[in-house]
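The primary structure of each chain is shown beneath.
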Amino acid sequence: MKRIQYYAYGGPETMKLEDFALETPGPGQVAVKVEFTAINPIDWKVRQGALKIMTGKSFPRTMGIDFSGTVISVGGGVTRFRAGDAVFGLARLKQSGALGEAVVTNEAFIAKKPDNISFAEAACLGTPGVTAWNGLVDKAALQGGQSVFVNGCAGAVGAAAVQIARILGATASGSCSAEAMPRARELGVQKLFDYRKTDLSALTDRFDVVYDTAAVMPTATGLHLAGNGGVFIDIEPTPAKFLRSLFNRKLKPVVCTPRADILDEIARAAREGKLRLPVTETVPLREAIPFIASLEKGRKIGGKALVAMA
């Protein structure tokens, strides 16, 4: 089998498509034949070494987090899946490996794919859906009738956050580019602001939850929009922000933390047609390296990018 590997932290030039032998799943682990892998910025951030305090210094390393596919085998103690199950979810962050023809991950990091969505659609749901859920539910405890402002509401995490907010009965406002506004309106965003033309720090609106899914909003602006009783969810946590959050309970740094219950809720929302992330472009694995490099350099495609293994 083949997958994308690298032998040192660095830029796109470090990526290589190579043969590998799939490990045997251990206790609580599942081996999956990958159908599609969705590309996320975390893929190249890990490869660049931004998280090397977590990912370590052992090489070669592999790339890719979000995937869909079919279970090949399961390790000891696995009860939720068996060989042949169609699944979607996330690879383990430290090991990664979804940008390959097969991957081993934790049982708790995947869910069964709904029959009424494709493998391509399912591959898009993992990181965006879990991150949106971590922020809105785990951190903010969002309730029906509350209001949410999503900065970057047309991006993958932002779009997932808007849809999950609506599932929970909240209203969503947000910011995005003028070009993305029609897509954001289709998601149900009620009040939209063009981030290129709007000084968000000058808005008089206040929200119960402000979620910066674009990772560009100054903390002061987020706290300002949250008002007295709201919270600001920060998707780009730093040690300084975690420290500050200990003294300011309005600030809630969030890290993507998959769990079985979250992924099952995401699967249910997708099955009911309430959570969708559009696929814009797909390439085969043999063309994935230049494709990823172009996205890393800033090419915008207005939706999810996929790599097909077959």
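A. Main features of the overall build of the protein chain. Of the regular secondary structure elements, the protein chain holds 10 helices and 16 strands. Whereas a compact globule of 310 residues would reach a radius of gyration of roughly 19 Å, the protein chain reaches 19 Å, a difference of no more than 12%. Projecting the C-alpha coordinates of the protein chain onto the three principal axes gives extents of approximately 55 × 40 × 40 Å. Within the protein chain, the fraction of its 310 residues that count as buried is 54%. One finds the centroid of the 38 positive side-chain charges in the protein chain at a distance of 3 Å from the centroid of its 29 negative side-chain charges.

B. Focus on a nonpolar patch on the surface. On the surface, Leu-243, Leu-246 and Phe-247 cluster together into a nonpolar patch covering about 400 Å² of accessible area. Inspection of the secondary structure puts Leu-243 in helix 8 (residues 239-247).

C. The arrangement of the sheet that holds strand 2 (residues 16-19) in detail. One open sheet accounts for 3 strands, arranged 2-1-4; its pairing is antiparallel. If you trace the sheet from one side to the other, it starts and ends with strand 2 and strand 4 (61-62), each paired once. Here 4 bridges tie strand 1 (residues 2-6) to strand 2, and the two strands are oriented antiparallel to one another. Among the inter-strand pairings, Gln-5 is bridged to a residue of strand 2, identified as Lys-16.

D. Inspection of the nonpolar core at higher detail. Judged by nonpolar contacts, the single largest core of 54 residues is most densely connected at Phe-88, Leu-136, Val-148, Cys-153, Cys-176, Val-209 and Tyr-211. Not counting residues within four places of it along the chain, the set of residues in contact with Tyr-211 comprises Thr-131, Ala-132, Gly-135, Leu-136, Phe-149, Val-150, Asn-151, Val-157, Ala-161, Ile-233, Ile-235 and Val-254. Counting 31 residues, the second-largest nonpolar core is a separate cluster that includes Ile-4, Phe-67, Val-78 and Ile-110.

E. Main features of empty space enclosed by the protein. For the coordinates displayed, the defined rule picks out 1 cavity of 30 Å³ or more. Size it by volume and the largest cavity reaches roughly 30 Å³. Lining the largest cavity are Ile-117, Glu-121, Leu-125, Leu-275, Arg-276 and Leu-277.

F. Main features of the packing of helix 1 (residues 41-48) against helix 10 (residues 288-296). It is the contact of helix 1 with helix 10, at a shortest axis distance of 10 Å, that shows an interaxial angle of 95°. One finds that helix 1 runs roughly perpendicular with respect to helix 10. Contacts between helix 1 and helix 10 involve Trp-44, Arg-47 and Gln-48 on the former and, on the latter, Ile-292, Leu-295 and Glu-296. In terms of residue class, the contact of helix 1 with helix 10 is made up of 3 nonpolar, 1 polar and 2 charged.

G. Summary view of the pattern of salt bridges. Taken as a whole, this structure holds 14 salt bridges when the rule is applied. With its nearest N and O atoms 3.6 Å apart, the salt bridge here joins Glu-35 to Lys-33. In this structure Lys-33 comes out as partly exposed when scored by relative accessible area, which is 42%. Glu-296 is the partner of Arg-47 in a salt bridge, and the nearest nitrogen-oxygen pair spans 2.6 Å. A residue pair is termed long-range when its members are at least 10 positions apart, and Arg-47 in helix 1 and Glu-296 in helix 10 qualify at 249 residues. The class of Glu-296 is buried, set by a relative accessible area of 18%. What you see here is one network of salt bridges that share partners, running through Asp-138, Arg-259 and Asp-261.

Here is what the cut-offs are and how they apply
Residues numbered from 1 in each chain as written. Predicted model: local features only at pLDDT ≥ 70, side-chain atom pairs only at ≥ 80, totals over all residues. Heavy atoms only, no water. Helix = DSSP H or I, 4+ residues; strand = E, 2+ residues; numbered from the N terminus. Rg over C-alpha atoms; globule rule 2.2 N^0.38 Å. Buried < 20%, exposed > 50% of the residue type's maximum accessible area, 1.4 Å probe, protein only. Lys, Arg positive; Asp, Glu negative; His and termini not counted. Charge placed at Lys NZ, Arg CZ, Asp CG, Glu CD. Patch = residues over 30% accessible without salt bridge, like charges linked within 9 Å, V, L, I, M, F, W, Y side chains within 5 Å. Areas by Shrake-Rupley, 256 points an atom, 1.4 Å probe, with all protein chains shown as cover. Salt bridge = Lys/Arg side-chain N within 4 Å of Asp/Glu carboxyl O. Pairing = 2+ DSSP bridges. Core = buried A, V, L, I, M, F, W, Y, C linked by side-chain atoms within 4.5 Å. Contact = heavy atoms within 4.5 Å. 1 Å grid on protein atoms, 1.4 Å probe; cavity = no way out; pocket = protein on both sides within 12 Å on 5 of 7 lines; lining within 4 Å. Points joined across faces, edges and corners; volume = space filled by probe spheres on them. Axes fitted to C-alpha atoms, helices over the stretch in contact; angles between N-to-C directions. Parallel < 35°, antiparallel > 145°, perpendicular 65-115°, else oblique. Nonpolar A, V, L, I, M, F, W, Y, C, P; charged D, E, K, R; others polar.

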